[in-house]
Amino acid sequence: VIPCFDTYTLGPFKVHTIKIKGIKPMSGEFFIRKMFVFFKTLIFKCLAIPLLFKLNSDYCFDIIHIHGDWFMAIFGALLKILLKKPVVMTIHASLEGGLWSKLGRIGVKPFLIIDRIIAVSEEIKKQLVEAGVSPSKIHVISSGVRFSQFYKVKKNYARKDNPTILFVGRLRKVKGVNVLIRALPFVLDRFPEAKLVIVGDGSSKVQLEKMSVELNLQKHIIFLGKVPHHHIPKYLSMADVFVLPSIETLQERGEGRPTALIEAMAAGVPVVASRIGGIPEVVKHNENGLLVEPGNHVEIADAIIKVLSNPELGKRLGLKASEAAKEYDWRIIVEKVFKVYENASVNAEESFHI
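Scope of this entry: the structure provided in the associated data block.

1. Brief notes about the environment of Asp329
Then comes step 1: Relative to the helices and strands, Asp329 is located in the loop between helix H12 (311–324) and helix H13 (330–352).
Then comes step 2: The class of Asp329 is buried, set by a relative accessible area of 8%.
Then comes step 3: As for Asp329 and Arg146, which are separated by 183 residues in sequence, their C-alpha atoms are 6.0 Å apart.
Then comes step 4: Asp329 has contacts with Val145 and Phe147, leaving out every residue within four places of it along the chain.
Then comes step 5: Within polar-contact distance, the side chain of Asp329 engages the side chain of Arg331 at 2.7 Å.

Here it is, written out as structure tokens:
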């Protein structure tokens, strides 16, 4: 696998991208597939280092910002040592259950070397602090959304007999879409013409499609697959309720602050989401959405029915959600990230001169 890079201009900045073909997220169901992706990713990181040295010699980086988990933290720590540049890392998902947590002090070492860590939820920060990372180097900053693109695209809350339930996200076990599908028959008992629209692709798609056939739900479930991101507001405008039924698996524990959830809230769609990870930091039960226990398909069905049978409740939750989502506008998030850059840069200069 050979990475390549190109350069383009974005406003006052020059952006350099390093691409690699054939790499998929390490969320596959099979051990062999995971190991294959692991080694391809490892090869990519090894080949990326000389490219980063070249780019640094040409353009002289001020900050290196990486995204990922413990494995990426090792890569970030290595870059800091080799390039002598401050490194900022963003962690988007729970770290519980990962290899790093089983290695004790050795496992946490890369996080100690990195200058600043951006955790997208308080839950992730708590995990890092309990592992031994200083709270002073961790900043809780959520992922952002293009707020103006989504703000209140949901206009109509009138009662209808053929409501639309929407899920948007990658089709992986941790997203709990199988639980949502199991909840659908209970919803159909009350709303026989209801439709579940599933937007996204992933390693669980075939299994979920098979499950819908086995439960005789294929007429009520629409798998749209991956769609262009700019089409998402259209589907949100048609949705009567957005559901994020996330669960815990052996490989992945919980959520950060899912972008799809925040986009749905910004759109004004009433949301039903699992009480897991950083989700309760965004969704306040009975205030701007409804929270359910992870994996409980009956509770999910009850929450969906509650929203669909009460348009006034749906409207109230949706409007409160859209107001709460304002703080996740990218313009606000970017300012917070730049402050972390400045902080990391100043502290790095002091440490390099010691």
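2. Brief notes about the packing of helix H6 (residues 177–190) against helix H11 (residues 297–308)
Then comes step 1: Relative to each other, H6 and H11 sit at 45°, their axes nearing to 8 Å. As judged from the angle between their axes, H6 and H11 are oblique. Where H6 crosses over H11, the two elements pack in a sense that is right-handed. Residues Val179, Leu180, Arg182, Ala183, Phe186, Val187 and Arg190 of H6 lie in contact with H11, whose contacting residues are His297, Val298, Ile300, Ala301, Ile304, Ile305 and Leu308.

3. Points about empty space enclosed by the protein
Then comes step 1: Applying the stated criterion across every chain, the model contains 1 cavity of 30 Å³ or more.
Then comes step 2: One number sums up the size of the largest cavity: a volume of about 120 Å³.
Then comes step 3: Around the largest cavity, the lining is made up of 13 residues, and of these Tyr157, Ala158, Asp240, Val307 and Leu308 lie nearest the centre.
Then comes step 4: Of all elements in the fold, only H11 and H12 reach the threshold of two or more residues within the lining of the largest cavity.
Then comes step 5: Class assignment of the residues belonging to the lining of the largest cavity gives a composition of 8 nonpolar, 1 polar and 4 charged.

4. Comments concerning the nonpolar core
Then comes step 1: Ranked by internal contacts, the top residues of the largest apolar core, which has 67 residues, are Leu166, Val187, Leu236, Phe242, Leu261 and Ile304.
Then comes step 2: Looking at which element gives the most residues to this core, the answer is H6, with 8 residues.
Then comes step 3: For Val187, the contacting residues outside a window of four places in its chain are Ile165, Ala194, Ala301, Ile304, Ile305 and Leu308.
Then comes step 4: Counting 28 residues, the second-largest nonpolar core is a separate cluster that includes Ile49, Val87, Ile91 and Phe111.

5. Observations concerning H11
Then comes step 1: When the terminal C-alpha atoms of H11 are compared, their 16 Å separation across 12 residues agrees well with the 16 Å that a helix rising 1.5 Å per residue should span.
Then comes step 2: Looking only at H11, the buried set comprises Ile300, Ala301, Ala303, Ile304, Ile305, Val307 and Leu308.
Then comes step 3: In the core, the buried residues of H11 are packed alongside strand S7 (164–168), H6, strand S10 (241–244), strand S11 (271–274), strand S12 (290–292) and H12.
Then comes step 4: One side-chain oxygen of the residue at the start of H11 lies 3.2 Å from the amide nitrogen of Val298, identifying that residue as Asn296.

Basis of the calculations
- Residues numbered from 1 in each chain as written.
- Predicted model: local features only at pLDDT ≥ 70, side-chain atom pairs only at ≥ 80, totals over all residues.
- Heavy atoms only, no water.
- Helix = DSSP H or I, 4+ residues; strand = E, 2+ residues; numbered from the N terminus.
- Buried < 20%, exposed > 50% of the residue type's maximum accessible area, 1.4 Å probe, protein only.
- Contact = heavy atoms within 4.5 Å.
- Polar contact = N/O pair within 3.5 Å; in protein donor to acceptor, adjacent residues only side chain to side chain.
- Axes fitted to C-alpha atoms, helices over the stretch in contact; angles between N-to-C directions.
- Parallel < 35°, antiparallel > 145°, perpendicular 65-115°, else oblique.
- Left-handed = near helix turned anticlockwise from the far one by under 90°.
- 1 Å grid on protein atoms, 1.4 Å probe; cavity = no way out; pocket = protein on both sides within 12 Å on 5 of 7 lines; lining within 4 Å.
- Points joined across faces, edges and corners; volume = space filled by probe spheres on them.
- Nonpolar A, V, L, I, M, F, W, Y, C, P; charged D, E, K, R; others polar.
- Core = buried A, V, L, I, M, F, W, Y, C linked by side-chain atoms within 4.5 Å.
- Expected span 1.5 Å × (residues − 1).

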